[in-house]
Amino acid sequence: MNGIKIIGSGSAVPDKVVTNDDLAQIVDTSDAWISERTGIRTRHFIEKDETASDLAILAAKRALAASGIAPEQIGAVVVATITGDTTSPSTANRVALALGVQPNTPSFDISAACSGFVYALKVAQGMIADESDRPYAVVVGVEALSRDLDFTDRSTCILFGDGAGAVVVKSDPDAPFDAVLGAESDPAIGVPGDINKTEFITMDGRKVFRFAVRIIPKVIKDYLAKTGETLDDYDQVIFHQANSRIIEHAAKKLKLAPEKAYQNLDRLGNTSGASIPLALDEMVQHNIVRPGCRILCVGFGAGLTWGAAGITYAASPRV
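Residues numbered from 1 in each chain as written. Predicted model: local features only at pLDDT ≥ 70, side-chain atom pairs only at ≥ 80, totals over all residues. Heavy atoms only, no water.

In the nomenclature of an unreviewed UniProt entry, the chain is known as Beta-ketoacyl-[acyl-carrier-protein] synthase III of Candidatus Pseudoramibacter fermentans. The UniProt entry for the chain carries this comment under Subunit (unreviewed entry): "Homodimer." If you open the UniProt record of the chain and go to Subcellular location (unreviewed entry), you find "Cytoplasm". (UniProt positions renumbered as here; feature names shortened; annotations may be inferred.)

By secondary structure assignment, the location of K122 is in helix α5 (residues 116-128). Separated by 35 residues in sequence, K122 and T87 have C-alpha atoms that sit 22 Å apart. In this structure K122 touches F177, A179 and L181, once residues within four positions along its chain are discounted. (Helix = DSSP H or I, 4+ residues; strand = E, 2+ residues; numbered from the N terminus. Contact = heavy atoms within 4.5 Å.)

The UniProt entry lists residues 108-175 under the feature "domain: Beta-ketoacyl-[acyl-carrier-protein] synthase III N-terminal" (unreviewed entry), expressed in the numbering used here. Helix makes up 25% of residues 108-175 and strand makes up 34%, while its end C-alpha atoms are separated by 25 Å.

So, about the pattern of salt bridges. The tally for this structure, following the rule as stated, stands at eight salt bridges. We note a salt bridge from D172 to K5, for which the minimum N-O separation is 2.9 Å. Remark: K5 occurs in strand β1 (residues 3-12) and D172 occurs in strand β7 (residues 162-172); sequence separation between them is 167 residues. Judged by relative accessible area, which is 14%, D172 ranks as buried. Here E282 makes a salt bridge to R267, at a shortest N to O gap of 2.9 Å. Of the two residues, E282 sits in helix α10 (residues 275-285) while R267 sits in helix α9 (residues 265-268), which places them 15 residues apart along the sequence. When its relative accessible area of 12% is taken as the criterion, E282 is described as buried. (Salt bridge = Lys/Arg side-chain N within 4 Å of Asp/Glu carboxyl O. Buried < 20%, exposed > 50% of the residue type's maximum accessible area, 1.4 Å probe, protein only.)

As recorded in UniProt, the sites labelled "domain: Beta-ketoacyl-[acyl-carrier-protein] synthase III C-terminal" (unreviewed entry) are residues 224-311. The span residues 224-311 shows a helical share of 33% and a strand share of 25%, and its end C-alpha atoms are spaced 13 Å apart.

Of all the nine residues making up strand β6 (residues 136-144), nine are buried; the element is thus mostly covered by neighbouring parts of the structure. Burial along β6 is two-sided: the face carrying Y136, V138, V140, V142 and A144 and the face carrying A137, V139, G141 and E143 are both buried. With six bridges joining them, strand β4 (residues 74-80) and β6 adopt parallel strand pairing. By the bridge assignment for β6, V78 is matched with V139. When β6 meets β7, the two strands line up antiparallel, connected through nine bridges. Its bridge partner lying in β7, E143 is registered against G163. (Pairing = 2+ DSSP bridges.)

So, in structure tokens, the structure goes:
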């Protein structure tokens, strides 16, 4: 199967910024309590007249513009989200319409929570592998988690934020790409709409922390064993932005230099399926990720799910 490479990226976050001090006005917490335990200081929330689709469309448009290709060349649209506006039409359907892709283009959502973007990359690879005329896919991670937060529960409402990140990928027989994915059924994190009809997001924080620090080294080890590579073959490792202590613990265990483990959760919080592409586009904007960079994306979270995918950023330099 052909590999894929990233030829454009984009992102979008709501204008509304919510600080830790803002949350301390409505729940028993403080800036120090939150930042010391999570690394989070601010996050962005959608307003009442905004939707997850709005963010996804804006991020996808920016990625498409950065890629330099026309909408007619897109062969698939895949959106990773657990907070889409409606079950049907899917968020991907809305994105495809807004981008102006051809009507015979497959577009659909996948639900793998915090690992969703990694899953979506693998799905996109398969969707465009045989598309000689339209070898491009738009892959989006988007969440509007603030709609599902219980603002009397300080263990969850302090963690999450809203946003979207997107990439355009191109099928390429010479592009190295691989992925390792996994999952197990565990309600350690519950999201509205599940079989239990949970009204708000719920989470067993300690259990999830133990899961994360166990699964991150394992999935990376499994991935490198599959590809025959080492972490030295990668310029950057982009972890799901859940908690600074989780990322720092993983980096230390993997002997990964801090500058190769980017963090933006201090400003954006945990944006679930959007966190990896949001971080990627920020890194492109800051010239941390440049054309030719090899990137290892590592997702872990609700489901429980996990995954790692190695891909090359092959876009033209941004001016």
